[in-house]
Amino acid sequence: MQQPIIGYHRDDEGHWVAELACGHNQHVRHQPPWTERPWVTTAAGRRSRLGLKLSCVKCDRSEPRDNPFVDNPLSE
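Predicted model only: the values in this text are computed from it and were never measured.

Draft legend 1. Expanded view of the overall build of the protein. Scanning the protein for helices and strands turns up two helices and four strands. Listed N to C, the secondary structure of the protein is β-β-β-α-β-α in terms of helices and strands. Split into buried and exposed, the 76 residues of the protein put 32% on the buried side. Contacts in the protein between residues far apart in sequence, at least 24 positions, make up 52% of those at least 6 positions apart. As displayed, the protein has an accessible area near 5000 Å², and 50% of this comes from carbon and sulfur atoms.

Next comes the structure, spelled out in C-alpha cells:
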C-alpha cells in the first residue's frame, strides 16, 4: 500500500527513518550502489520528499502502527 511521508527521525544508529501517514516507520537510507537516496542526506532534500508515497509492507501485512497517535496532515 502506498503511504505518504509526513516526517522523519533518526534511529538509535543515526539512520534516517521516514514517518508515514499510516503510522508506520520506514528506513530511507542512502547506501550506494544498492539504494540511491541522496536526498536523505540533507534537510532540504528530506523536506522536498514530504508527501512522497512509499510502499508500506507493514500496511500490506496489517501490522499495528509504529506511531499509534500520528495524525495525517496531508489528508486534508
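The structure having been displayed, the exposition proceeds.
Draft legend 2. Inspection of the environment of Q2 at higher detail. For Q2, the position within the fold is in strand β1 (residues 2-10). Sequence separation between Q2 and D60 is 58 residues, and the spatial gap between their C-alpha atoms is 9.4 Å. Excluding residues that lie within four positions of it along the chain, Q2 makes contacts with K53, L54 and S55.

Draft legend 3. Main features of the pairing of β1. Pairing between β1 and strand β4 (residues 53-55): three bridges, direction antiparallel. From the neighbouring strand, Q3 faces β4, where its bridge partner is L54. Relative to strand β2 (residues 16-20), β1 runs antiparallel, the two sharing five bridges. In the sheet register, G7 faces β2, and the bridge partner there is E19. Connecting β1 to the next strand, β2, in antiparallel fashion are five residues, including G14 with a positive phi near 90°.

Draft legend 4. Inspection of unusual backbone geometry at higher detail. Backbone geometry places S62, a non-glycine residue, at a positive phi of 55°. For S62, the position within the fold is in the segment after α2 (57-60).

Conventions used here
Residues numbered from 1 in each chain as written. Predicted model: local features only at pLDDT ≥ 70, side-chain atom pairs only at ≥ 80, totals over all residues. Heavy atoms only, no water. Helix = DSSP H or I, 4+ residues; strand = E, 2+ residues; numbered from the N terminus. Buried < 20%, exposed > 50% of the residue type's maximum accessible area, 1.4 Å probe, protein only. Contact = heavy atoms within 4.5 Å. Areas by Shrake-Rupley, 256 points an atom, 1.4 Å probe, with all protein chains shown as cover. Pairing = 2+ DSSP bridges.

Shape is all these values report; function is a separate question.
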